[in-house]
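Each chain, letter by letter, is given below.
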Protein chains: 4
Amino acid sequence: MTELGAVRAALKAQRIETPSWAYGNSGTRFKVFAQAGVPRTPYEKLDDAAQVHRFTGVAPSVALHIPWDKVEDYAGLAKYAEERGITLGTINANVFQDDDYKLGSVTNPDPAVRKKALQHLLECVDIMDATGSRDLKLWFSDGTNYPGQDDIHARQDRLAEALHTVYERLGDHQRMLLEYKLFEPSFYTMDVPDWGTAYAHCLELGEKAQVVVDTGHHAPGTNIEFIVALLLRAGKLGGFDFNSRFYADDDLMAGAADPFQLFRIMYEVVRGGGFTDDVAFMLDQCHNIEAKIPAIIRSVMNVQEATAKALLVDAEALAAAQHDGDVLAANAVLMDAYNTDVRPLLADVRQELGLTADPIAAYKGSGWAERIVAERVGGEQAGWGA
Amino acid sequence: MTELGAVRAALKAQRIETPSWAYGNSGTRFKVFAQAGVPRTPYEKLDDAAQVHRFTGVAPSVALHIPWDKVEDYAGLAKYAEERGITLGTINANVFQDDDYKLGSVTNPDPAVRKKALQHLLECVDIMDATGSRDLKLWFSDGTNYPGQDDIHARQDRLAEALHTVYERLGDHQRMLLEYKLFEPSFYTMDVPDWGTAYAHCLELGEKAQVVVDTGHHAPGTNIEFIVALLLRAGKLGGFDFNSRFYADDDLMAGAADPFQLFRIMYEVVRGGGFTDDVAFMLDQCHNIEAKIPAIIRSVMNVQEATAKALLVDAEALAAAQHDGDVLAANAVLMDAYNTDVRPLLADVRQELGLTADPIAAYKGSGWAERIVAERVGGEQAGWGA
Amino acid sequence: MTELGAVRAALKAQRIETPSWAYGNSGTRFKVFAQAGVPRTPYEKLDDAAQVHRFTGVAPSVALHIPWDKVEDYAGLAKYAEERGITLGTINANVFQDDDYKLGSVTNPDPAVRKKALQHLLECVDIMDATGSRDLKLWFSDGTNYPGQDDIHARQDRLAEALHTVYERLGDHQRMLLEYKLFEPSFYTMDVPDWGTAYAHCLELGEKAQVVVDTGHHAPGTNIEFIVALLLRAGKLGGFDFNSRFYADDDLMAGAADPFQLFRIMYEVVRGGGFTDDVAFMLDQCHNIEAKIPAIIRSVMNVQEATAKALLVDAEALAAAQHDGDVLAANAVLMDAYNTDVRPLLADVRQELGLTADPIAAYKGSGWAERIVAERVGGEQAGWGA
Amino acid sequence: MTELGAVRAALKAQRIETPSWAYGNSGTRFKVFAQAGVPRTPYEKLDDAAQVHRFTGVAPSVALHIPWDKVEDYAGLAKYAEERGITLGTINANVFQDDDYKLGSVTNPDPAVRKKALQHLLECVDIMDATGSRDLKLWFSDGTNYPGQDDIHARQDRLAEALHTVYERLGDHQRMLLEYKLFEPSFYTMDVPDWGTAYAHCLELGEKAQVVVDTGHHAPGTNIEFIVALLLRAGKLGGFDFNSRFYADDDLMAGAADPFQLFRIMYEVVRGGGFTDDVAFMLDQCHNIEAKIPAIIRSVMNVQEATAKALLVDAEALAAAQHDGDVLAANAVLMDAYNTDVRPLLADVRQELGLTADPIAAYKGSGWAERIVAERVGGEQAGWGA
C-alpha cells in the first residue's frame with residue numbers, strides 16, 4: 001500500500017518537456033504535409049503546449065529551438081508561457097540550416113563558418129539568461145558524406161574548442177547537454193555519432209556538460225538501456241530525447257515502435273536513481289501524418305505508462321532472483337511489471353491531480369482542435385524551414 | 001587478347017542512364033543546400049546530362065521524373081535531347097508529393113485518392129508514348145507509420161489492382177519496372193518493402209512487369225548480389241537504380257560507400273547474362289553537398305570500373321576452383337579481378353571512343369561549370385519541390 | 001460476452017508445438033553449458049514435453065529432429081508419446097552436421113554429397129510415414145562464406161532439383177515447410193536467405209510446399225508481420241518457428257525480446273485467417289542458460305498472451321478508424337488490446353480446461369525438476385552433437 | 001621516389017601477430033568441421049605460425065590463448081618459438097569455457113566465481129612474465145540473455161573491481177588491452193559492448209589500459225575508422241583484432257568482406273600516427289571451412305595491401321582539398337590510393353626482404369600442407385574445446 005503510494009507520488013512528480021517544433025509542420029525529404037490549425041508563431045506553439053499540459057498535468061515546460069522560435073522579447077515569451085501555466089525549458093541550438101553549414105558548423109574547415117556557428121551557440125546562452133532556461137541542448141548535424149571529405153581528427157579538435165568556449169560561457173546553474181546521433185544528415189561520419197564520443201567530450205569539459213540520450217539515434221542492435229545505466233552510474237546522464245522508430249528516422253511517438261524498450265529504459269532510470277532534477281525528460285519528435293497535439297498527449301502518456309510499469313518492478317524480488325542467478329525468475333519479476341495494465345493506475349493519478357482520467361478524450365471534447373483550425377487562417381505555418 | 005577485346009567491346013557497349021533529378025537541388029529533411037548554376041528547367045537538365053555523356057560516352061539517356069520534368073511538348077523535349085546527342089529514357093512516376101497522398105497513393109484508404117494516383121500513372125504511360133520511352137519506373141512511398149494505421153492485406157489488394165490497370169495500358173514494347181524499398185518515407189510498413197513483394201506482384205502481372213533493384217534500399221546485412229542473381233535466373237530483373245549509402249539514405253555516389261559490393265553485383269550481372277537490353281542500368285541518386293555534374297560523371301565511372309573488374313574475372317579458373325570446392329582459390333580468382341587497377345583499361349577504351357582519358361579533368365577544363373553559374377541567374381532552381 | 005466467448009474458444013483451441021531439441025543441451029560456439037536432468041534419449045525428451053503439455057494444455061505435439069531423435073522404431077516412439085498424452089509432430093531434417101556438408105548439402109558442388117543429403121531428406125519422409133507426421137520442415141545451412149566460393153545460380157538449380165524430388169515423394173496429406181534464414185552458419189550467402197527465395201521455390205513446387213517464418217531469421221529493420229500478412233494473402237504461410245533475439249542468434253524465449261512484435265505478428269495471423277490447421281505454430285528455440293522446461297512453458301505462455309491480445313483487437317473499431325484515415329485512432333485501437341493484461345483471461349481459460357491458473361508454479365510444485373535431476377544420472381545428455 | 005621509399009620502409013617494418021587458435025579447428029554452434037593436419041599441441045601451432053612468417057616476413061609473433069595453449073614450461077615454449085624464428089606475443093585470457101561461467105566470469109553474481117575468474121586473469125600475467133609478453137588481452141563473454149537477469153550497475157562495479165586488481169598486478173612494461181563486443185555469446189547485454197564502455201574503464205585505470213578494436217564487433221552502420229581516429233587522438237588505441245564479417249560472426253579473413261573499410265581503417269592509423277609499437281596489429285579470426293595456414297597468409301596479405309594503399313594516400317593533396325572544402329577532390333585523392341593495385345609494390349617489398357613475391361604460391365610449393373597431413377596422425381586436434 002505504502003509502496004503503491006510512492007509509485008503514485010512519483011508519477012505525480014514526473015515532468016516531461018514537450019518540444020515547440022512538434023507543434024509545427026514537419027515531414028521527410030520527400031514531402032512535408034501541412035496540417036490545418038498549425039501554429040504560425042512561437043506564441044501559438046505555447047498555446048498548444050498549454051493544452052497538452054492542461055490534460056496531462058505533467059508537461060509544464062516547452063523546449064525552444066533557435067532560430068525557429070526566435071522572438072524579440074524572450075522575457076515576454078516567458079511571461080506569455082507563465083500566463084498559460086507553463087514555462088520555457090531547454091534551449092535547442094540550430095546550426096544546420098544556413099547555407100554556410102553545408103560542410104559543417106563548429107567543425108567546418110572554414111574558420112569563418114566556425115566562428116558564425118559559435119556565435120549562434122553563445123547567443124543561445126544569452127537567450128537562456130533571458131528565458132531562465134537551465135539547459136542548452138546541442139545537437140550537431142556536422143559530419144561528412146564521403147570518405148576523405150574532411151579530417152576526423154581535426155574536426156574533433158574544432159568541436160572540442162567550440163564546446164569549451166560555450167562551456168566557459170555557461171552560468172553557474174546552467175548546463176550543456178550534448179546529443180549524439182548515428183547518422184543523418186551526414187552519411188559517412190557524424191562528428192558526435194555515439195554516446196562514447198559525447199561522453200568523452202563531456203568528461204573533458206566538466207560537471208556542467210552532460211550527455212543526452214535520444215532514443216532514436218542508435219545503430220540497430222544497440223542496447224539503449226545499457227547506455228542509460230552506464231551514464232547514470234558515471235553521473236553523466238543529462239536527459240532524454242524521447243521518440244521512437246523502426247529502422248531509421250526518429251520522429252514516431254515515444255513508445256510507439258517498441259514499448260518494451262521504453263519500459264526497460266525507464267526501469268534503468270528508476271534503478272539508477274535518475275528521477276531527479278538532474279535528468280531532463282524531453283520529447284523530441286515530430287508528427288508528420290498524425291494530428292499533432294493528440295500525438296504529443298499520447299506520447300506523454302506512453303512515457304507515463306512506461307514509468308509506471310518501471311516503478312512497479314518489485315525491486316526486492318528482482319534483487320533476490322538476480323542474487324540467486326535464477327534467470328527465469330528474475331526475468332519474470334521484470335515482465336510481471338511490464339505486463340501490468342497501468343492505465344487504471346494512471347487514471348487514478350490524473351483524477352487525484354484534478355484532471356480527467358482520459359486526456360485524449362478530454363482534449364477531443366475541449367473543442368481546441370476545431371478552434372485552431374478555424375482561427376489560424378492566413379500567415380505562414382511554423383515548420384522546420386528546411 | 002581476344003578476351004580483353006571482348007572486355008573492351010562490352011565496356012564500349014555499356015549504357016548508363018542518368019536521372020534528371022540528380023542535376024537539380026536536393027537535400028535531407030534538415031536542409032536543401034542550393035548550388036549555383038543548377039538547372040531551372042527540364043531543358044537545362046538535358047543540357048547538363050549532355051555534358052555527362054560528352055565526357056563519358058556511355059550515358060546517352062536521361063530518366064525523367066513526372067511532374068518534376070513536366071513540359072507542354074514531350075516530343076519537343078525529345079527533339080531537344082536528340083539535338084544534344086542524348087535521348088529521353090525511363091519515365092519515373094511521382095505519387096508522393098501531393099497533400100492528398102499523406103496516407104498513400106494507390107494504396108490510400110480513400111478511393112478518390114487512389115483514382116487520382118492511378119490517373120497520374122496512366123498519364124505517365126501517355127508521356128512514354130510521346131517520348132518513346134520503353135520503361136515506366138514505379139516507386140511508391142506508400143505505407144504506414146504506425147501499427148494498426150491501415151490494413152496490410154487491403155493495401156496489397158489496392159496495389160495489385162492499380163498495377164494491373166497500368167499494366168493493361170502498357171504498349172507492346174513498354175515495360176513496368178517495380179521498385180522496392182525497406183523504409184522511408186513510411187516508417188512502419190512500406191507497401192513494397194523488399195524484392196519478394198515486388199517479385200510476387202510482377203510474376204502475377206506478366207512478362208512486361210520486372211523488378212528494379214535500387215542498391216540503397218535494403219536492410220543491413222542483405223546480400224544484394226544474391227537478389228540480382230535470383231532475379232536474373234528468374235528472368236525478372238528489369239534494371240538497377242545505382243547509388244550508395246552507409247547506414248540509410250540512398251543518395252551517395254554509386255560505388256562510393258562499398259565499391260566491393262558494386263563489383264560483386266556487377267559480377268552477378270556478367271555471370272547471369274544481364275548485359276542485355278533487358279536490364280536497364282540507371283543511376284538514382286542526388287548530390288546534396290558535392291558539385292552535381294562531376295559527381296554524376298564520377299558515379300558513371302565507378303559503375304564502369306566495377307563492370308570492367310567484373311568482366312575481367314577469369315570465369316574458367318573460377319568455375320574450376322568452385323567445382324573443386326577450393327574456397328580460397330575461388331575467392332582469390334574473384335579478388336584478383338577486383339584488385340586490378342582498371343583505370344588504364346578504361347582510359348584506353350575512352351580514347352578508342354574518341355574521348356579524353358580522364359572525364360573529370362576534361363569536364364573541369366571545358367568551362368561548363370563556370371558557364372552555367374554565370375548564365376543561370378534568376379528563375380527558380382529545379383529541386384524535389386518537397 | 002459472445003465475443004469474449006469466441007476469444008476463449010480460440011485460446012482453448014490453439015496448439016503450439018514444442019521442439020525436442022529445446023529439452024536437450026545447447027549453447028553457442030563458445031560453450032555449451034550442460035544442465036542437470038537433461039534428457040538422454042528421445043523418449044526422455046517426450047517425457048519432458050508431456051510435462052509442458054500437462055501444465056499448459058496447448059502443447060500436445062513435439063517436433064523431432066533427425067538424426068538427433070533417431071530411433072529404431074518410430075511407431076513405438078509415437079505410441080510412447082501417445083501414452084503420455086502427446087503426439088509426434090513435424091519432422092525436421094538435418095543436413096548440416098556431417099563432415100561431408102562443409103560446403104553444403106543439397107547445394108554442394110559435389111554430386112555425391114548432394115545425393116547423400118537428398119537421401120536423408122527422403123528418409124525423413126519415410127519417418128513421417130511411420131510417425132504419421134504431416135509436415136517436413138526443411139532448413140538448409142547451405143551457403144558460402146566468401147565471395148566467389150561457389151556459383152549462386154548453380155546452387156539455386158541444385159536446390160530446386162532436390163526440393164522437387166522431395167516434393168514428389170510427399171504423400172497426399174504431407175507438406176513441405178521451407179524455412180529461410182538471413183545468415184549463419186553461412187556468412188556470405190545463405191541459399192535460402194529470405195522469404196522471397198522460399199516463396200519463389202514453394203510457388204514453383206506447388207500447393208504442398210509452404211513457407212515457414214522463423215521469427216529470429218531476419219535482417220534488422222525487417223517488418224516480420226508484413227511478411228506474415230503477405231504469405232497468408234498468398235496462401236503460402238505454412239507455419240511459424242517462434243523464438244526471439246535482440247541482434248542475432250535466434251534462441252531466446254518467444255516474446256522475450258520484443259513482445260510487441262509477437263503481438264503484431266499474431267494480430268496479422270488473426271486478421272489473415274491464419275488460425276487454421278494450415279498454419280503450424282511451433283517453437284524453435286534452445287535454452288542455453290535458463291532451465292529448459294520452465295523456459296518452454298514460459299514461451300508457450302508468451303505466445304498465448306500475444307494471441308489473446310491479438311484476438312481482443314476490436315476489429316470493427318479498427319476498420320472504422322482505418323477507413324477514416326484516423327492514424328491515431330487506429331493505432332489506439334491496436335494498442336488498447338496490447339496494453340490489456342490478459343493474464344487473468346488466460347488463467348480463466350486454463351481453469352476451464354481443468355488446469356491450474358499458473359503453469360510455472362504448477363510445474364515447480366510438481367517435483368518433476370527434482371525428479372529428473374535425481375533419476376537421469378549417467379548416460380550421455382542429448383544435445384546438438386556439434 | 002623518396003616517398004615511395006618511405007612507403008616501402010613502412011611496409012617492411014609492419015608486424016602482424018597471428019593467433020594460435022586460428023591454426024586449430026573451429027566452427028559455429030552448428031558444426032565444427034575438422035581439417036586434416038591441424039595442430040594437436042601449442043608447439044605444432046607454433047610450427048604452423050612459423051610457416052606464415054616464413055612466407056610473409058611480417059608475422060613474427062603468435063598470440064596465445066590460455067588455457068587452450070597451456071603448457072608446463074612457458075619459457076620452453078618461448079624458446080621453441082625462437083628456434084623457429086618467431087616469438088610469443090599477446091596473452092589472451094579465457095574466462096568463458098568453464099561451467100562456472102554460465103552467468104558470467106568477473107561480473108558473475110556469485111563472488112566465488114568472480115574470484116576464480118580473477119585468479120585466471122592474474123595467472124595470465126604470471127604467464128606473461130614467463131613468456132615475456134607485453135600485452136594481456138581481455139575479452140569478456142560476460143553479459144545477460146534476458147532483461148532483468150542481472151543488474152547492469154552491479155556488473156559494471158564488479159568489472160571495474162576485477163580490472164583494477166589485474167591492472168595493479170601488471171609489470172612496468174606490461175599492458176592491458178580491453179576488447180569490446182556488441183553481442184554474442186550474451187544476447188541481451190554484453191558487459192563491454194562498445195568502445196565507449198571500454199574507453200571509460202581504461203581511462204579510469206590509467207595509461208597501461210588501452211582499448212583494442214576488433215573489426216568484427218560492431219553494430220551495423222558503425223563507422224569503425226571513426227572510432228580508430230578517436231582512440232588514437234585520445235592516446236587510447238592499444239591494438240586491433242582484425243577479421244571480417246558480413247552480418248554477424250567475426251571469423252572471416254581480414255579484408256574479405258569489406259576491403260574498402262579495412263583501407264579506411266588503415267588510413268586513419270596512418271593519419272593518426274598509429275604505426276608505432278603502441279598499437280598492436282593482430283589477427284583474431286578462425287577458418288571454419290577454408291584451409292587454415294593459407295587463409296592466415298591471405299589475411300596477412302590483405303592487411304598489408306590495405307596498409308600499402310593507406311600509405312600511398314597523397315596527404316598533401318588530401319589536406320589541400322579538405323581545406324578548400326572540395327568534397328569530390330578530397331574523396332578522389334583517397335580513392336586514387338585505394339584503386340591502386342599495390343600487389344606489384346608488395347611483391348617488390350617481399351623480394352627486398354629476401355622472400356618470394358607470392359607467399360601463397362610459395363607456401364603451396366613448400367610441401368608443408370602435405371607434410372602436416374601425413375605426420376599429424378592420431379592425438380586430439382586443437383580446437384576451442386567448447
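In the annotation of an unreviewed UniProt entry, chain A is listed under the name L-rhamnose isomerase and assigned to Streptomyces polyasparticus.

### So, the interface of chain A and chain D
Contacts between chain A and chain D engage 51 residues on the former and 52 residues on the latter. Measuring nitrogen to oxygen at the nearest pair gives 2.7 Å for the salt bridge that ties Asp157 of chain A to Arg233 of chain D. Counting across the chain A and chain D interface gives 17 residue pairs in polar contact (both at pLDDT 80 or more). At the level of secondary structure, the elements contributing two or more residues to the side of chain A that touches chain D comprise helix 5 (152-169), strand 7 (189-190), helix 6 (195-205), helix 7 (224-233), helix 8 (259-271), helix 10 (315-323) and helix 11 (327-338) of chain A. Across the side of chain A that touches chain D, the residue classes break down as 26 nonpolar, 15 polar and 10 charged.

### Brief notes about the interface of chain A and chain B
On the chain B side, the residues contacting the 44 residues of chain A number 44 residues. Contact with chain B buries surface across chain A, with Arg29, Phe30 and Tyr247 of chain A losing the most and accounting together for 23% of the total. Where chain A meets chain B, there are 10 salt bridges. Here Lys31 of chain A ties to Asp99 of chain B by a salt bridge, and the two come within 3.5 Å at their closest N and O atoms. Inspection of the region where chain A meets chain B yields 19 residue pairs in polar contact (both at pLDDT 80 or more). Residue classes in the side of chain A that touches chain B are distributed as 25 nonpolar, 7 polar and 12 charged.

### Brief notes about the sheet that holds strand 10 (residues 280-283) of chain A
Residues and elements named next belong to chain A. Taken together, 8 strands build an open sheet; the order of strands is 1-2-3-4-6-8-9-10 and the sheet is parallel. Strands with a single pairing partner mark the edges of an open sheet, and in this sheet they are strand 1 (18-19) and strand 10. Examined bridge by bridge, strand 9 (residues 237-242) and strand 10 share 4 bridges and lie parallel to one another. The partner of Phe242 across the bridge, within strand 10, is Leu283. In this fold helix 3 (residues 74-83) packs onto strand 2 (61-66) and strand 3 (87-93), with an angle of close to 135° to the strand it touches most, strand 3.

### So, the relation of the copies chain A and chain D
At an RMSD of 0.0 Å, chain A and chain D line up after a rotation of 180° and a shift of 0.0 Å along the axis. Put plainly, the chains are arranged around a two-fold axis. Judged by C-alpha distance, Gly196 of chain A is the residue of chain A that lies nearest the rotation axis, at 2.0 Å. A high fraction, 100%, of the interface residues of chain A reappear at the interface in chain D, so the copies pair face to face through one surface.

### A closer look at the relation of the copies chain A and chain B
Once turned by 180° and shifted 0.0 Å along the axis, chain A lies on chain B with an RMSD of 0.0 Å. Taken together, the interface assignments show that 100% of the residues at the interface of chain A recur at the interface of chain B, consistent with an identical surface on both copies.

Thresholds applied
Residues numbered from 1 in each chain as written. Chains lettered and ligands numbered in written order. Predicted model: local features only at pLDDT ≥ 70, side-chain atom pairs only at ≥ 80, totals over all residues. Heavy atoms only, no water. Contact = heavy atoms within 4.5 Å. Salt bridge = Lys/Arg side-chain N within 4 Å of Asp/Glu carboxyl O. Polar contact = N/O pair within 3.5 Å; in protein donor to acceptor, adjacent residues only side chain to side chain. Helix = DSSP H or I, 4+ residues; strand = E, 2+ residues; numbered from the N terminus. Nonpolar A, V, L, I, M, F, W, Y, C, P; charged D, E, K, R; others polar. Buried area = accessible area lost by both parts, 1.4 Å probe. Pairing = 2+ DSSP bridges. Axes fitted to C-alpha atoms, helices over the stretch in contact; angles between N-to-C directions. Least-squares fit on C-alpha atoms with pLDDT ≥ 70 in both.

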